[in-house]
Amino acid sequence: MDRRSDEFLLAESPTREAAYDDPESPFIPTFRTKPMASVKGRKRPLRTICIVLAAVSLLSFGVVLLKPLSYLDIDFEKADVYPTTFNSQSYVQGPPTQRFRDNLRNDTKYITSWISAGWTNDVMTYGNLIYLALITERIPIIAKFIPSHVDNSAPPFAFGEVFDVPRLSQAIKSPIIEWHEVKDSESEVLDDLGCWSLWESVQKTQSHPRGSFSLNWLKLDVSWTRTPDWVKLTPPGVTDSHASFWSLATLGFPEARANNLQSTNYPSPQHQVSLPPDDQLLCFDYLYYMGAQNAWEWESDYGPTWRFVGQHMRWNASLESLANEHARRAMNVPVNEPTPPYISIHIRHGDFRNYCNDVPLDQCFASLPVIARRVAEVQEELRAQKGIEVTQVIMTSDERDPEWWSGVRALGWTWVDYTAERTEEIYGKWYPVFIDAVIQSNGAGFVGTHGSTMTTLARRRVESWHDGPTRVVKWGSPSADDH
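Residues numbered from 1 in each chain as written. Predicted model: local features only at pLDDT ≥ 70, side-chain atom pairs only at ≥ 80, totals over all residues. Heavy atoms only, no water.

Novice: It is not clear to me how the sheet that holds strand E10 (residues 342-347) should be interpreted in this structure. Could you clarify?
Specialist: Sheets are built from strands paired through backbone hydrogen bonds, the pairs being either parallel or antiparallel. A sheet is described by the order of its strands in space; here 4 strands give the open sequence E11-E10-E12-E13, paired in parallel fashion. What marks the edges here is a single partner per strand, and that holds for strand E11 (392-397) and strand E13 (470-473). Along the sheet, successive strands turn relative to each other by an average axial angle of 15°, direction set aside. Two strands pair when backbone bridges link them, and strand E12 (residues 445-449) and E13 are joined in this way by 4 bridges, in the parallel orientation. Residue glycine 448 lies in a different strand from E13, and its bridge partner there is valine 472. Docked against the sheet, helix H12 (residues 368-386) engages E10, E11, E12 and E13, running at close to 170° with respect to E13. (Pairing = 2+ DSSP bridges. Helix = DSSP H or I, 4+ residues; strand = E, 2+ residues; numbered from the N terminus. Axes fitted to C-alpha atoms, helices over the stretch in contact; angles between N-to-C directions. Contact = heavy atoms within 4.5 Å.)

Novice: What's the story with the pairing of E12 in this structure? I'm lost.
Specialist: The side chains of a regular strand alternate, first on one face of the sheet and then on the other. Along E12, 5 of the 5 residues are buried, which leaves the element largely enclosed by surrounding structure. Where burial is concerned, the two faces of E12 agree: the one with Gly445, Val447 and Thr449 and the one with Phe446 and Gly448 are both buried. Of the pairings in the sheet, the one linking E10 to E12 comprises 3 bridges and is parallel in character. Bridge pairing links serine 344 to phenylalanine 446 in E12. For the segment spanning E12, helix H17 (residues 453-466) and E13, crossover handedness is right-handed. (Buried < 20%, exposed > 50% of the residue type's maximum accessible area, 1.4 Å probe, protein only. Right-handed = clockwise from strand over helix to strand, strands pointing away.)

Novice: Which parts of the structure should I look at to understand helix H13 (residues 402-410)?
Specialist: Because each turn of an α-helix spans 3.6 residues, side chains separated by three or four positions end up pointing in the same direction. Within H13, the full set of buried residues consists of Trp404, Trp405 and Val408. Seen from one end, H13 has its buried residues packed into an arc of 95°, which puts them on one side. Turned more than 90 degrees away from the buried face of H13 sit Pro402, Glu403 and Ala410, all of them exposed. Where H13 is buried, its residues meet E10, H12 and E11. The backbone nitrogen of glutamate 403 lies 3.1 Å from a side-chain oxygen of the residue at the head of H13, namely aspartate 401. Residue glycine 412 follows H13 closely and has a positive phi angle near 85°. (Arc of directions from axis to C-beta. Polar contact = N/O pair within 3.5 Å; in protein donor to acceptor, adjacent residues only side chain to side chain.)

Novice: Would you explain unusual backbone geometry in this entry?
Specialist: Generally, phi is negative for residues other than glycine and the peptide bonds are trans, each holding for most cases. Backbone geometry at lysine 173 places phi at a positive 60°, although glycine is not the residue there. Here lysine 173 shows up in the loop between helix H3 (165-172) and strand E3 (177-178). A residue is classified by how much of its surface remains accessible, and lysine 173, at 56% relative accessible area, is exposed. A positive phi angle, near 55°, is found at asparagine 357, a position not held by glycine. Within the fold, asparagine 357 resides in the loop between E10 and helix H11 (361-364). Looking at asparagine 357, the relative accessible area reads 67%, which means it is exposed.

Novice: Just checking my understanding: could you explain the pattern of salt bridges for this structure?
Specialist: Working definition: two side chains of opposite charge can pair if their charged atoms are close together. In total, this model carries 22 salt bridges according to the counting rule given. In this structure, arginine 101 engages aspartate 278 in a salt bridge whose closest nitrogen and oxygen atoms are separated by 2.7 Å. Of this pair, arginine 101 sits in the loop between helix H1 (46-66) and strand E1 (110-113) while aspartate 278 sits in the loop between strand E7 (265-266) and strand E8 (281-284), and the two are 177 residues apart along the sequence. Note on arginine 101: relative accessible area 35%, which makes it partly exposed. A salt bridge links arginine 373 to aspartate 481; its shortest N-O distance comes to 3.9 Å. With a gap of 108 residues between them, arginine 373 in helix H12 and aspartate 481 in the segment after E13 connect regions that are remote in the sequence. According to the relative accessible area criterion, aspartate 481 is buried, its value standing at 3%. Connected through shared salt-bridge partners, Arg373, Arg374, Glu377, Glu381, Arg471 and Asp481 make up one network. (Salt bridge = Lys/Arg side-chain N within 4 Å of Asp/Glu carboxyl O.)

Novice: Would you mind showing me how to read the packing of aromatic side chains here?
Specialist: The geometry of an aromatic ring pair comes down to the distance between the two centres and the angle between the two planes. Under the counting rule described, the total for this entry stands at 31 aromatic pairs. Consider the rings of tyrosine 126 and phenylalanine 145, whose centres lie 5.6 Å apart with planes at 50°: the pair is tilted. Placement of tyrosine 126 in helix H2 (residues 119-136) and of phenylalanine 145 in the loop between strand E2 (139-142) and H3 is noted, with a sequence separation of 19 residues between them. According to the relative accessible area criterion, phenylalanine 145 is buried, its value standing at 0%. When the centroid spacing of 6.0 Å and the interplanar angle of 40° are considered together, the rings of phenylalanine 145 and phenylalanine 159 count as tilted. One end of the pair, phenylalanine 145, is in the loop between E2 and H3; the other, phenylalanine 159, is in the loop between E2 and H3, and 14 residues separate them in sequence. (Phe/Tyr/Trp six-rings, centres within 6.5 Å; stacked < 30°, edge-to-face > 60°.)

Here you go:
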């Protein structure tokens, strides 16, 4: 099975520049006005006075409208912004069944896909799946997260235990269902299913569908049909693995589906049954590499998956509360005091060392002073734009060198000590990864690592959820982050 590193973009394009680093200053236009004719000695008619008074009234009303929302004294955290409620049980026949198809409604169409790239990339994959569901007007069925960067002995983890599914469903105005709500997780029935194999059409190194352990957990025996080559986002000669959202979407409608059923078909591995792609449950092998206009659109401000889905994927309340407790203890916040604003950092080294080539690691990775310079920029921006002084800094990293961590401490920064917290022992092996992501997302500002998709999501969340300043540290040579 092809299992790629989590949270890594550079593997597909080593020379790729970050789409966004430092935010640009907004353009502020300057308007020149023509000099007004002298009105000295002239009397203003009644009509003019009335116009002036009306303008003043409108201006006053406009001032009220444009005052900060705090002026209205509304608690938007509690306000029901999205009044529509979607009960997932209304979109299946009933409780989970032994065979998934027995629980699908005859009047409803669904869509699903699976994961195999590490947790952060899997989150992005499910975001792409949900966006594809929106444009095909289908209901997404989301499988559990499977371990990759955590110990393989860790059990699958439900999507709804990480993200607030009711809130997400309300925000996108569409129901979302999880696989364990459709098929009994303890079922031993091996279900037949016909799906589209996208992976073969967008890359040339592997001539088979993208595998996923999710299929084993779900007891699905899939017969694959290769998608047509025109689903690829970039021209055939371009080495890139992205597919087009709308090209794939056409396969969810009768005409395009019927016109492409003659594509290469593979019998299912267990039952050796050849099936066409299912019409009621549209399914694809792998949806990580997706775009509307360009590759890597999660990096871009216009990216549709982030705009219409990703920004609404807020944390499950229990997980967020647990992460906040860890962050407070890391900062030594007294019990009776509120959580102070902090700057979160994500520095990835780990497998990135494989891309340093002949450059020594201490010259390849950005030094702590370089990272501190970016932190200072974020602090200054918070000071200038929001009038707050943020001194607390929380580091998250996969670095294992004790001397490096001593340097972090010398800067006055802190981190969550998961060993001392006994986090894995108490909550499970998934939780350090989850808690790191939540802490990163809740910084008043954020500093991350170029090329990491974990940084991409943290940056997007801080900018969108907290209107916070962010920076991305470049690496690869001693001068990589010079600016």
